[in-house]
Structures are given as structure tokens and as C-alpha cells.
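# Remarks on the overall topology
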Amino acid sequence: MSTADRCAWRLEIGPALLVYMKKRRPGFARYVDVAKFILVLAACGYLIFRGSEQLGYNWHWQSIPGYLFTVHEGHLQIGPITAGLLITLEITFFSLLLSALVGFAVALLRLSGSFVGRLLAMIYLETIRNTPLLVQIFFLYFVMAPILDIGRFATAVLALSFFEGAYASEIIRSGIVAVPVGQWEASHALGLNRFDTYRAVIIPQAIRRILPPLTSQAVSLLKDSALVSTIAVYDLTMEGRTIIAETFLTFEVWFTVAAIYLVLALVMSFAADQAKSYFQTA
Amino acid sequence: MNKQKTPAGNDPIIDVRRICKTYPGPVIALDDFSITVDRGEVLVVIGPSGSGKSTFLRCLNGLEEVDSGEIIIDGIPLDEDEKKRLQIRREVGMVFQSFNLFPHLTVRKNIDLAQRLVRKKSRIEALEFSLHLLDQVGLADMADRYPHQLSGGQQQRVAIARALAMMPAVMLFDEATSALDPEMIGEVLDVMRGLARRGMTMVVVTHEMGFAREVSDRIAFMEEGRLVEEGCGEVFFSHPERLRTKEFLRQIL
Ligand SMILES: Nc1ncnc2c1ncn2[C@@H]1O[C@H](COP(=O)(O)OP(=O)(O)OP(=O)(O)O)[C@@H](O)[C@H]1O
Ligand SMILES: [Mg+2]
């Protein structure tokens, strides 16, 4: 899973930047900082520009907005990239819900007293975590989808849900076992049954430990969803590939697609941080 | 202490027959342990650390399974039968050393919870009884606080009220005052004293010998999972029969 880059941002660069910005600096020094930042940005831009020039690349940024939106007879119509974005969001949303369900069920199974239940959960977890997501998607698409008679979209959602559900279940399980054993004992002594104990005592306490990392997990889900383009689901990535195949606007389209993923991921990371601080103070 | 109780041996509400309990290790926590407690009786259990006092209490409400032997509470055998086990858990209240209040619920909701979920009372009924119990433990004005906003002594009194909310036939106290600052021990012991006076059947593990002497109807001394000696308050303290009991009492008194 590609958590490393997200972690780098959230754990190192982000806070470092904050600390850096929060240091009280005299007015002039701050302007120097801004100037340095612009200089670095300009250098990057220049390198890309020179690199593409040497490749003999002709920039056509002006055609990109047309792939986002078009105005047709006074009506705003969405272009293929926006349509792809909507599909990506849809897939992410449904997979998120389903993976939380799967994660919860598997976590409970692992914590259950039933040996068979624990065994099933372990087999599921080990299989999912030790095979590539791409292979899981292909397996579902080429093997299971024809058997179950489900479409590409459903296959994509299922594949992502089972994949992320494995990680979600670990998050949920560790949130549950972090609740002190005394809470179980008090519930037991009061005569609560297992279901009520989970519902009224354990889950409300575990949720504050579960939600923040689960929100971060959603960012991975968003990024991993790009892989469903391999089974011809017209998500953001697939739309990008299609446009490039037709127009050869390789750089512009990939820049645009990457920027959209980046913005979405940053927004979700921000939400995760908010969730974290909310649950830490609550 | 003038309370109404039936003569000893007549009406045991707790009947423990030759129970054994071994923890993985193996540690023998209870070794052929038998005891009975009468209705309305206060039994104080003392003994050195690791002698199996907590294990004995935890077996009484099914928090631990015994390896062998029988536990019968209010005529109901604590056996495999899930229904009976649940029934016994509802009849036996327990107060823990570490309070174990539900931190995400207010004091009142801590006490409401089991009334609503287990006794299936209406919101109003539960609320009324909770407030009554809070009044009884002297915390009527704390109903809407959260546990972390209370002192240790107050938390433990809430925990007692929470257990009482189930209207248990028996209350178990496992070192209920051991985690408290000295100045808060008194207020919790007062509540326990009040319960004893009103005829609640209690099994109390404590290191408070003054309290044990004053409130107990009977004292049991345990060591290495066995019942060494039992006797009535004054006699037990002044004329213990066994050498081990003498040594133990000399150490702690
Ligand atoms: N969950 C457990 N797993 C393994 N051994 C245990 C467990 N609980 C208790 N024991 C062991 O069983 C024995 C009896 O323990 P118990 O807690 O009943 O003693 P106690 O009389 O309550 O002691 P204390 O006064 O220290 O509370 C001890 O040797 C203890 O180490
Ligand atoms: Mg103990």
C-alpha cells in the first residue's frame, strides 16, 4: 500500500512546515522566505519547460479546460475528466462504506470466541495483505464477476472494499482492544449481553481511536482506486488515458489528473487531522 | 449493629462447594475452596496478596470459570447454561478496585444504562431510580458530570450506585478502597456501612481491618487458594485458632 508518501507529508513535511512558519520571524526575513519559495517553484517550472522543449513538446494547456467543462448552448456540461472524477468519487464513497462494514465484521470475527471465525478472518487478512491489489482486481473481474454476474463498477467497488477492509479491520480491532478490560468486566457484572456491551460501552469508546486512522485510510482508498482503470472503469485515471490516446496531450493531462488527486487527497488528509483533534479533545 | 438476619447456616444465598481454579502457568488460585454466605450476611475475606481473594469474587459472578466444584447463588447453579449465567450476573453486583465507570457517559447515564438495557425500564423509571441511588450515596448534585470530573471517592460511590441499580441480591466488593487517597476512604466505607445496615448480602475483600471488625458478620482468612479459618468478628481477631491466621493478623494489625 502506498502509505509512505502520505505519511511523509503528514508526519514530517507538514508539521515541519508548520513549525517553520510559526517561528516568529522579523518582517524582512519572511519576505526572503517567500522569495526563496518562489525561486524554487520557478526553478522546477523552468526544468519542466526546458525538458519538454528538448523533447520537442508543444504545450496545449488551452485545450484542457474543454475536458473539464464545456458550455453547450448556454448550458454548462461536464467534460470527460470531470465525469471521471465523479466516477472516482462514487467508487471511493461506496468502497469506503463497504470497507468499513467488512472491516468491522472481520474485526469482530477475529475477536470472537469462535475458532472457525478467527481462522476465517485470518485467512482473509493474510490473503488480502499478501497479494497485489491489481491481482485481486483481475481475479474478481475475470474469475468472480462472470460467476456472480456483476458489472465492472460493482467489481471495482468490491475489490477495493475487500482490500481496504483488511486494513480497516486491523484499525478497528486495535481500537476495540485498546478499551480497558475493566470496561468489559463492569458490563459483564451489570448483566449486559455481548451485543449491548459492544454497542453501548465498547464501540463508543473505541470510535475515537478508530475514526482518525480510518479517515487517513480513505486517502489510500482514493489513490488505490486509480487501479480500477485497468478493468475499463471510466474513472479519473481511465479518462485521462483515453484523452491522451486520442490527443497526445500527455503532459497536460497527467499534470491535471495528478493535481486533482492531490487536491482531493489533501482535503481528505485535512479532514483526517480535524477528526483526530476533534476526538482528542472530545 | 442491629439488623434482622436468619441464623447462620439456615438460608445460604451463596453456596460454594469445593471449587478449584487454575490459571495458565499453572497457578493454582483456588484449591478445593468451600464457603457459604447467608442472606443479609456480610462476609469479609482477608488474606495475603495472591491468596485467591479476587479470583473467588470473580468466580461468584462468572467473570472466571471454575475448573471444578459448584457455585449456587440464590438457588441457581452457575453452570454451563447461558441463561442461568446471565441471570446470576444480574443478581450479583460487583464493585471494582479501579471503579471501571463508563467514561463516555455521565454519572446518571452510567447508572441508567443497565436498568434500561437489562431491566428494560422506561427512561423515566430509570432516571428516578438513578437519582434516588445518587442521593443515597450522597452525590445527588453530580448527576450530569462525567466520571473524570469526580474525585476517586466520588467515582467509587457512583460505581456502587451503578451496581445497586440492578437491585442485586448480593454485592461483591474487591478492595473497593485500595485505589483511593486516604482522605476519601471514609466516604466509601460509609456507603458500604449503610448498605450492610440495610441488610444487603455482601462479600467484601478489604485491607481495612477496622471496617472488617466493625461491619462483618463473619471473617474468612484465605491463603494459597484455601480457606484457612473463618469466624465471627471480635472472636476472630482476638482469638484466632490457626497459627497462620495469628501470624497474618500480627503483620497487618
Ligand atoms: N488472569 C490471570 N492469569 C494468571 N494468573 C492469575 C490471573 N489472575 C490471578 N492470577 C494468579 O492467581 C493467584 C490468585 O490471584 P488473586 O488475584 O485472586 O489474588 P488476591 O488474593 O486477590 O491478591 P491481591 O490481594 O494481590 O489482590 C495469584 O497467584 C495470581 O498471580
Ligand atoms: Mg485481588
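Look above for the structure.
In short, a report on the structure. (Residues numbered from 1 in each chain as written. Chains lettered and ligands numbered in written order. Predicted model: local features only at pLDDT ≥ 70, side-chain atom pairs only at ≥ 80, totals over all residues. Heavy atoms only, no water.)

## Observations regarding the sheet that holds strand β5 (residues 76–77) of chain B
Residues and elements named next belong to chain B. Spatially, four strands are ordered β2-β1-β4-β5 in an open sheet, and the strand pairing comes out antiparallel. Strands with a single pairing partner mark the edges of an open sheet, and in this sheet they are β2 (27–38) and β5. Sheet topology places strand β4 (residues 68–73) next to β5; two bridges connect them, and they run antiparallel. Opposite I73, over in β5, you have I76 as the bridge partner. Seen against the sheet, helix α1 (residues 53–60) touches β1 (12–23), β2 and β4 and runs at an angle of roughly 60 degrees to β2. (Pairing = 2+ DSSP bridges. Helix = DSSP H or I, 4+ residues; strand = E, 2+ residues; numbered from the N terminus. Contact = heavy atoms within 4.5 Å. Axes fitted to C-alpha atoms, helices over the stretch in contact; angles between N-to-C directions.)

## Regarding the interface of chain B and chain A
Counting residues at the interface gives 22 residues for chain B and 17 residues for chain A. Taken over both partners, the interface formed by chain B and chain A buries close to 1700 Å², and the fraction arising from carbon and sulfur atoms is 62%. For the interface between chain B and chain A, the tally reads one salt bridge. A salt bridge links B:R58 to A:E185; the shortest N-O distance between them is 2.9 Å. Our count for the chain B to chain A interface comes out at eight residue pairs in polar contact (both at pLDDT 80 or more). Breaking the side of chain B that touches chain A down by element, the ones donating at least two residues are α2 (82–91), β6 (92–95), α3 (107–117) and α5 (152–164) of chain B. The residue makeup of the side of chain B that touches chain A, split by class, is 14 nonpolar, four polar and four charged. (Buried area = accessible area lost by both parts, 1.4 Å probe. Salt bridge = Lys/Arg side-chain N within 4 Å of Asp/Glu carboxyl O. Polar contact = N/O pair within 3.5 Å; in protein donor to acceptor, adjacent residues only side chain to side chain. Nonpolar A, V, L, I, M, F, W, Y, C, P; charged D, E, K, R; others polar.)

## Remarks on the site of ligand 1
Residue and element names in this part refer to chain B. What surrounds ligand 1 is the set Y23, V27, A29, P48, S49, G50, S51, G52, K53, S54, T55 and E175. Contact distances for ligand 1 include 2.7 Å between an oxygen atom and a side-chain N or O atom of S54. Bound to the protein, ligand 1 loses 62% of the 630 Å² it would expose on its own. Those elements that place two or more of their residues in the shell around ligand 1 are β2 and α1. In terms of residue count, the dominant contributor to the shell around ligand 1 is α1 (three residues). For the shell around ligand 1, the per-class residue count stands at four nonpolar, six polar and two charged. (Near = heavy atom within 4 Å. Areas by Shrake-Rupley, 256 points an atom, 1.4 Å probe, with all protein chains shown as cover.)

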